[in-house]
There are 2 protein chains.
Amino acid sequence: MDTAALTAVRRLASERVTGLVVVDQAGRPTRVLPATQVLRLGLPRYCVDDPTLARVIDEAHADVFFRELADRTLSDALPRSAGELPVVDQDATVLEIAALMARTGCPLVPVVDSRGVMTGAVTLPTLLDWLLPQ
Amino acid sequence: MDTAALTAVRRLASERVTGLVVVDQAGRPTRVLPATQVLRLGLPRYCVDDPTLARVIDEAHADVFFRELADRTLSDALPRSAGELPVVDQDATVLEIAALMARTGCPLVPVVDSRGVMTGAVTLPTLLDWLLPQ
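Only a predicted model underlies this, so the values are computations on that prediction, with no experimental measurement involved.

**A few points about the overall build of chain A**
Thinking step 1. A count of helices and strands for chain A gives eight helices and five strands.
Thinking step 2. Starting at the N terminus and walking to the C terminus, you meet the elements of chain A as α-β-β-α-α-α-α-α-β-α-β-β-α.
Thinking step 3. Each principal axis of the C-alpha atoms in chain A carries an extent, and together these give about 50 × 35 × 25 Å.
Thinking step 4. The burial tally for chain A puts 49% of its 134 residues in the buried class.
Thinking step 5. Residue pairs at least 24 apart in sequence account for 49% of intrachain contacts in chain A once pairs closer than 6 positions are excluded.
Thinking step 6. Taking the 13 positively charged and 17 negatively charged side chains of chain A as two groups, their mean positions are separated by 2 Å.

**Comments concerning the environment of L39 of chain B**
Thinking step 1. Here L39 of chain B lies in helix α2 (residues 35–42).
Thinking step 2. Distance in space between the C-alpha atoms of L39 of chain B and V9 of chain B is 7.9 Å, their sequence separation being 30 residues.
Thinking step 3. Not counting residues within four places of it along the chain, the set of residues in contact with L39 of chain B comprises A98, M101, A102, L124, L127, L128 and L131 of chain A together with F66 of chain B.

What counts and how
- Residues numbered from 1 in each chain as written.
- Chains lettered and ligands numbered in written order.
- Predicted model: local features only at pLDDT ≥ 70, side-chain atom pairs only at ≥ 80, totals over all residues.
- Heavy atoms only, no water.
- Helix = DSSP H or I, 4+ residues; strand = E, 2+ residues; numbered from the N terminus.
- Buried < 20%, exposed > 50% of the residue type's maximum accessible area, 1.4 Å probe, protein only.
- Contact = heavy atoms within 4.5 Å.
- Lys, Arg positive; Asp, Glu negative; His and termini not counted.
- Charge placed at Lys NZ, Arg CZ, Asp CG, Glu CD.

Structure representation (structure tokens):
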């Protein structure tokens, strides 16, 4: 949560990952951000909610929003409430993970141990490789 | 819509794309499926909606659902209603596309001409390259 929001967005862009997991000091996931939701960090709320407003903003100023992210941490930039946290324990089945991804629209699911500490993550491409008949 | 659902899911898995665009005979987008929503094609509805049910299904039978997709077309497998179709015209601004992706959770937005025919598409990684300050 102390990471600069711009650093998080750049990481997502440069590594072409499916999303980001935010962990607390103990390594427990507190947020899972699918790539599309990371866009919200750099966009004013009114712009996401109303397509007409997004359209009228001068194109030349589009990157101003993202430039401002350099001065804000994830904690500043993320909305307070987050909905269902897509996390599974180490006994989770493939179907359970698939259902969770479909329900939350999140293509990245961290796996946690009994203390809630992240031990790994499953991504959608990996899951599809498991699920699809050979 | 006449494509076998299994073919569509395999294409998504093998090419590691961000989603699929379904077009009609005239080349007009009728559905845009983010990768996570493609999972719904192979999962029973009760399984997506209720995590407990997904968990009790025998792991050995997990790929049965996906094997059955070989006999179904996208038209058979997709739900009838689809919500907002994330499509933009050729005059769309970068911010407009970013807002659309954030709102719909869809990392893939087809671009259409004045007749509604798809002429290209913008993906989230490309969009981030445009938006992020150098």
